[in-house]
Amino acid sequence: MTTESHIEHSLIDTLEDLKYTYRPDIRDRDALENNFREKFEALNRVHLTDAEFARLLDKIVTSDVFAAARHLRERNSFERDDGTPLFYTLVNIRDWCKNTFEVINQLRINTSNSHHRFDVILLINGVPVVQIELKSLAISPRTAMQQIVDYKNDPGNGYTRTLLCFLQLFIVSNRSDTWYFANNNSRHFSFNADERFLPLYQFAGEDNKKITHLDSFAEKFLAKCILGEMISRYMVLVASEQKLMMMRPYQIYAVKAIVECIHQNSGSGYVWHTTGSGKTLTSFKASTLLKDNPDIDKCLFVVDRKDLDRQTREEFNRFQENCVEENTNTETLVQRLLSDDYANKVIVTTIQKLGLALDGSSKRNYKERLEPLHNKRIVFIFDECHRSQFGDNHKAIREFFPNAQLFGFTGTPIFSENANYQQIEDRQASFKTTEDIFQQQLHAYTITHAIEDNNVLRFHIDFYKPEGRNKPKPGERLAKKAIVEAILEKHDAATAGRKFNALLATASINDAIAYHELFKTIQAEKQSKDVNFQPLNIACVFSPPADGNKDVQQIQEDLPQEKADNQVAPDEKKAALKAIIADYNTQYGTNHRIDEFDLFYQDVQKRIKDQQYPNQDLPHAQKIDIVIVVDMLLTGFDSKFLNTLYVDKNLRYHGLIQAFSRTNRVLNATKPYGNILDFRQQQDAVDAAITLFSGEQIERAKTIWLVDKAPVVIGKLETAVKKLDEFMHSQGLASAPEEVPNLKGNKVRGQFINLFKEVQRLKTQLDQYTDLTHEDAASIEQVIPREQLQAFRGVYLETARRLQDQKGKGGGGSETEQLDFEFVLFASSMIDYDYIMTLIAGYSQQTPGKLKMTRTELIGLIDSEANLLEVREDIADYIGTLKSGEGLKESDIRQGYETFKAEKNAHQLAEIAEKHGLATSVLQAFMDGIMQRMIFDGEQLTDLLAPLGLNWKSRRQKELALMEELIPVLHKLAQGREISGLGAYEQ
């Protein structure tokens, strides 16, 4: 087996072939700093005294990763001993290729309480910029990343107190599999409770084929000039968030292609990057690189609506402060076009303002005033190639700026096959193809590539067939009432118990109005018959009749169905929308009006995105379960917590792909795919769209885009359960939840974790299938009965927590190091604190002998939920004090639980105080102070123990012993929230 040492020396050989200098003499901090000093003095042509160098180090070394990244890229100043300023750079920022590139290995940084050793580090001009961690075993990249995160969280780590603060990139590899990610400050560099991970990349070629072998990766990514370019040009420093971002390979190739096209002056072009692939970042980087290009006079980034103008400007300024200013009107745009100010070289504007500026009939003579720009080289970048107003503006731009180059982005190009498709029910129109307008394709990254890269999710499509009747014909409409009933029946399954939300796409404004009314009526009927029925929160949004309102007219340019519908009986549409907004105001306590429609629309979008917050932070009553739409939200809107699209309208080609793509943003393991429930039997249209937009791999496209059918996944579940059974038997145990605590050794427990996690992952996938038949459900129950699954979930969580605690304390050995517990797979959005309190009240009110849920079943349910991990012991103990049939109300249950919990916590704290010789009241005040601020202050801990009169060594031992007991209490009180500063005591 290839050892880590072998991989390390092989990599160093490869880097030497790439003209890096290997420095085996740099193995400690002193040697690293002496080498940096030598390179710094040579680059800046200066000789520093020892005192000056010490002060320089003191000035540049920082725990702030973002500040260090800026320092690395900028010209800085330093006051010398004689008071004169020294202007310097750490590296040659004008030509990164001309820096010195060195490789070192096995560097040990000794700080006061940390002795980390680093496998391989790359130095540019003596500055450490890349750390490479090598593994010899097949590892989860997330686990290797966790190791680096843990290293960085070590209170005495070398990252914040030495030149290692300048690290820009981390690379992890086991030779055959190589990943990389950007360094960041801790708030952007950790795993959070929902298991959303750091952006993690694999490199790829221009054809999007992965380059994962370490040797190939080194040649393509670590070659000196390429690495310099990656760090200087293709990392983005997001000023508003103080965050470093690495551009993905396909974004880099697109930017290079645009820049090269401009450099060669070789016409226009378009970039086909699928929806959700980050085109704003790509276009931002292209625009900012062009800002420093002397070949061009202006760069205009053109969007199609005022809200996108604001959104894009904010995004651009998020990437780089004040890089784009607002054009409040067309006059401002014209003034900025005519300005020679460097700040006005890149301009974000709407296509409407641009059209007015080039309109010769304007009273303000905009076109005449712009005449000096007539023959200038202007670059136009369009955020979307195919907007409804694009045709006329394209012609005007070409005529007025004959030397202009036009570049467009699109997730769904227009080909000859879909050039006559218009998104109005039962109508056709003609569009030019993307190539007709933009001449050539510069780069492609299709949805097929994105799915294979896990940048977007696959789709599960249920072509709905009502029970007891023949399959409807393609495009045939079902009764709206039947569709509403079907949605109410399937929504909880589709959205993982309302963890996610959905859109209902309808064919017309009249249909949307009818659906909104039907949901109200049918849900009211169900509530009157069943007190336990939980109604869905339904919103509806469509644009009002314009009535001369310029903002609404602008919005409707890309809402063809709504624009057409509003021309028929506009007063009825307006009255219906007013009633819908009034219902919305009642539901959410808002005060929206049709006259300020844009504010209402923004509020709807915000509530869809607010689904991300747990119900304990934002009650479900303030969220939206389903938004009924016609055209709105079906293009350009992104939310990771939107996972389902109900379809009752005919969709084809780019309209279909755009609508489906609202559902497939990546979140975590609880969202395995985007869910489509189609009520119009549009399988032929789906097949045609997949074929058209799949890119290269047409024959494999369906298997890449679509998840397996339910019977296939049930087969996989059966295999996973069988493997779990065989494993338990191999340990001399029955395959039963109660036998799991008898597993011996962490290695064996780790095997159980991985085997059962796969069972739960497949069950999670099946739970969200909306097309499970009765036979499918029976098969799943036979493979793993519901009660057995719940019991296994409980022992999984207990085992995982035990192993995680050992891992956190540095115990458990290599067996636990590679484990990835994925607690998020075991957390339900429905079974939360409120739900459990309601169940306990129900238990209390049951008559003995007529129990719907026993005490054991209730505790079993609590034990199986990851989101109740911190409180499940308290709740179970509280249930133990209750009797069924006591008849307590829910308010009494809640109050009783809070009293029980407070008494239990006070008793526990009193025991800890007595054990450590502290006054209970003083320890309670210490804990209260932490919880009020959610900040742990080490100095206050020192003050707490000061009355004991211990020497520093004894005090340190006492601190660690006390914190070992207090940390679980603090975590329980925090209920999943982070206590800043506590991590230093959790190692």
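Residues numbered from 1 in each chain as written. Predicted model: local features only at pLDDT ≥ 70, side-chain atom pairs only at ≥ 80, totals over all residues. Heavy atoms only, no water.

Draft legend 1. Representation of the overall build of the protein chain within the structure. In terms of helices and strands, the protein chain carries 37 helices and 22 strands. When each of the 987 residues of the protein chain is scored for burial, the buried share is 54%. Considering only contacts in the protein chain between residues 6 or more positions apart, those separated by 24 or more positions represent 73%. As presented, the protein chain carries roughly 43,300 Å² of accessible surface, and 48% of it is formed by carbon and sulfur atoms. (Helix = DSSP H or I, 4+ residues; strand = E, 2+ residues; numbered from the N terminus. Buried < 20%, exposed > 50% of the residue type's maximum accessible area, 1.4 Å probe, protein only. Contact = heavy atoms within 4.5 Å. Areas by Shrake-Rupley, 256 points an atom, 1.4 Å probe, with all protein chains shown as cover.)

Draft legend 2. Representation of the pattern of salt bridges in the model. One pass over the structure, following the stated rule, counts 40 salt bridges. Salt-bridge contacts for R662 lead to D638; the nearest nitrogen and oxygen are separated by 3.3 Å. Residue R662 is located in the loop between α23 (653-660) and β22 (674-678), and its partner D638 is located in the loop between β20 (626-629) and β21 (642-648); the two are separated by 24 residues in the primary sequence. On the accessibility criterion, D638 (34% relative accessible area) is partly exposed. (Salt bridge = Lys/Arg side-chain N within 4 Å of Asp/Glu carboxyl O.)

Draft legend 3. Layout of the confidence of the model for the protein chain. The pLDDT averaged across the protein chain works out to 84; a share of 84% of its residues lies at or above 70. Residue range residues 192-196 is modelled with pLDDT below 50. Its contacts to residues more than four positions away, or to other chains, number 10 contacts. (pLDDT = per-residue confidence, 0-100.)

Draft legend 4. Examining a negative patch on the surface more closely. On the surface, D13, E16, D17 and E219 cluster together into a negatively charged patch. It is helix α1 (residues 4-17) that contributes the most residues to the negative patch, three residues altogether. Relative to the elements of secondary structure, E219 occurs in helix α6 (residues 214-222). (Patch = residues over 30% accessible without salt bridge, like charges linked within 9 Å, V, L, I, M, F, W, Y side chains within 5 Å. Lys, Arg positive; Asp, Glu negative; His and termini not counted. Charge placed at Lys NZ, Arg CZ, Asp CG, Glu CD.)

Draft legend 5. Structural detail: the sheet that holds strand β12 (residues 298-303). The strand order across the open sheet formed by six strands is β13-β12-β14-β15-β11-β16, and the pairing between neighbours is parallel. Since the sheet does not close on itself, it has two edges, and those belong to β13 (346-350) and β16 (441-445), each with one partner. Averaged over all adjacent pairs, the angle separating strand axes in this sheet is 15 degrees, with direction ignored. As paired strands, strand β14 (residues 378-382) and strand β15 (residues 405-410) are joined by four bridges and run parallel to one another. (Pairing = 2+ DSSP bridges. Axes fitted to C-alpha atoms, helices over the stretch in contact; angles between N-to-C directions.)

Draft legend 6. Structural context of unusual backbone geometry. Unlike most non-glycine residues, R45 shows phi in positive territory, near 50 degrees. Among the secondary structure elements, R45 is positioned in the loop between α2 (29-44) and α3 (50-60). Since its relative accessible area comes to 80%, R45 is described here as exposed. The backbone phi angle of Q681 is positive, close to 55 degrees, even though this residue is not glycine. Turning to its location among the elements, Q681 is positioned in the loop between β22 and α24 (683-693). You can call Q681 buried: its relative accessible area is 5%.

Draft legend 7. Focus on the sheet that holds β22. The six strands lie next to each other as β17-β22-β21-β18-β20-β19, forming an open sheet whose pairing is parallel. Single-partner strands in this sheet number two, and they are β17 (459-463) and β19 (538-540). The sheet shows a mean angle of 20 degrees between the axes of neighbouring strands, direction not considered. Where β21 lies against β22, four bridges are found, and the strand directions are parallel. Bridge assignment links L645 to a residue of β22, and that residue is I676. Its contacts with the sheet place helix α18 (residues 509-529) against β18 (501-506), β19, β20 and β21, and it is angled at close to 160 degrees to β19. Along the sheet, α23 contacts β17, β21 and β22; its crossing angle with β21, the most-contacted strand, is approximately 140 degrees.

Draft legend 8. Expanded view of the nonpolar core. F36, I60, L122, F221 and L222 are the most contacted members of the largest nonpolar core, which has 109 residues in total. Considering each element in turn, this core owes the most residues, nine residues, to helix α8 (residues 249-264). If near-sequence neighbours (up to four positions away) are discounted, L122 is found in contact with L15, Y20, E102, V103, V127, P128, V129, V130, I132, L222 and L227. (Core = buried A, V, L, I, M, F, W, Y, C linked by side-chain atoms within 4.5 Å.)

Draft legend 9. View of the pairing of β12. Among the six residues of β12, six are classified as buried, and the element is accordingly described as predominantly covered. Here β12 shows no split at all, with K298, L300 and V302 on one side and C299, F301 and V303 on the other all buried. Relative to β14, β12 runs parallel, the two being bridged by five bridges. Note on β14: the bridge partner recorded for L300 is F380. Where β12 lies against β13, five bridges are found, and the strand directions are parallel. In the sheet register, L300 faces β13, and the bridge partner there is I347.

Draft legend 10. Quick peek at the pairing of β22. Of all five residues in β22, five are buried, a share of seventy percent or more. Residues of β22 alternate between two faces, with G674, I676 and D678 on one and N675 and L677 on the opposite face, all of them buried. Note that β17 and β22 share five bridges and pair parallel. Residue pairing across strands places F459 opposite G674, the latter belonging to β22. In this region the chain leaves β21, passes through α23 and returns to the parallel neighbour β22; the handedness of that crossover is right-handed. (Right-handed = clockwise from strand over helix to strand, strands pointing away.)

Draft legend 11. A look at the environment of V713. By secondary structure assignment, the location of V713 is in helix α26 (residues 710-730). On the basis of relative accessibility, which here comes to 1%, the residue V713 falls in the buried class. For the pair V713 and K763, spaced 50 residues apart in sequence, the C-alpha separation works out to 8.8 Å. Residues contacting V713, with those up to four places away along its chain left out, are D708, L762, Q765, L766 and Y769.

Draft legend 12. Here's a closer look at the environment of F600. Along the polypeptide, F600 turns up in helix α22 (residues 597-609). Each C-alpha atom of the pair F600 and T590 lies 9.2 Å from the other, and the pair is 10 residues apart in sequence. For F600, the residues in contact, after removing those within four places along its chain, are C540, V541, I581, Y584 and H592.

Draft legend 13. Inspection of the packing of helix α35 (residues 920-933) against helix α37 (residues 952-974) at higher detail. Closest axis-to-axis distance for the α35/α37 pair is 11 Å, and the angle between their directions is 45 degrees. With respect to each other, α35 and α37 are oriented oblique. Crossing of α35 over α37 shows right-handed handedness. Residue-level contacts link L923, F926, M927, I930 and M931 of α35 to L966, V969, L970, L973 and A974 of α37. Residues belonging to the contact of α35 with α37 are distributed by class as follows: 10 nonpolar, no polar and no charged. (Parallel < 35°, antiparallel > 145°, perpendicular 65-115°, else oblique. Left-handed = near helix turned anticlockwise from the far one by under 90°. Nonpolar A, V, L, I, M, F, W, Y, C, P; charged D, E, K, R; others polar.)

Draft legend 14. Spatial organisation of α37. Along its length, α37 reaches its greatest deviation from straightness, about 35 degrees, at L966, and the proline P968 lies no more than four positions downstream. Buried residues of α37: E959, L962, M963, L966, I967, V969, L970, K972 and A974, and no others. Near the N-terminus of α37, the side chain that reaches the backbone nitrogen of S954, with its oxygen 2.7 Å away, is that of N951. (Bend = angle between axes of the 7 residues up to and from the residue. Polar contact = N/O pair within 3.5 Å; in protein donor to acceptor, adjacent residues only side chain to side chain.)

Draft legend 15. Expanded view of the packing of aromatic side chains. Taken as a whole, this structure holds 34 aromatic pairs when the rule is applied. Ring centres of F400 and F401 lie 4.9 Å apart, and the angle between their planes is 85 degrees; this geometry places the pair in the edge-to-face category. The residues F400 and F401 share a single accessibility class, namely buried. Following the ring pairs from residue to residue traces out a cluster consisting of Y180, Y201, F203, F217 and F221. Just above the ring of Y342 sits the side chain of K291; from NZ or CZ to the centre is 5.1 Å. Between the NZ or CZ atom of K480 and the centre of the ring of Y515, over which it lies, the distance is 5.9 Å. (Phe/Tyr/Trp six-rings, centres within 6.5 Å; stacked < 30°, edge-to-face > 60°. Lys NZ or Arg CZ within 6 Å of the ring centre and 35° of its normal.)

Draft legend 16. The packing of α18 against helix α21 (residues 570-588), seen in detail. Running from N to C, α18 and α21 point in directions that differ by 35 degrees, and their axes come no closer than 11 Å. Of the two possible hands of crossing, α18 and α21 adopt the one that is left-handed. Packed against α18, whose contacting residues are I509, N510, I513, H516 and K520, the element α21 presents K573, A576, I580 and D583 at the interface.

Draft legend 17. Focus on helix α9 (residues 279-291). In a regular helix each residue adds 1.5 Å, so 13 residues correspond to 18 Å; α9 covers 18 Å between its end C-alpha atoms and thus fits that length. With 11 of 13 residues buried, α9 lies mostly within the body of the structure. When we look at burial in α9, the residues that qualify are L281, T282, S283, F284, K285, A286, S287, T288, L289, L290 and K291. (Expected span 1.5 Å × (residues − 1).)

Draft legend 18. Expanded view of the environment of V647. Structurally, V647 can be placed in strand β21. In this structure, the C-alpha to C-alpha distance between V647 and R680, residues 33 residues apart in sequence, is 7.3 Å. Once residues within four sequence positions are removed from consideration, V647 is found in contact with A505, F660, I676, L677, D678, F679, R680 and Q682.

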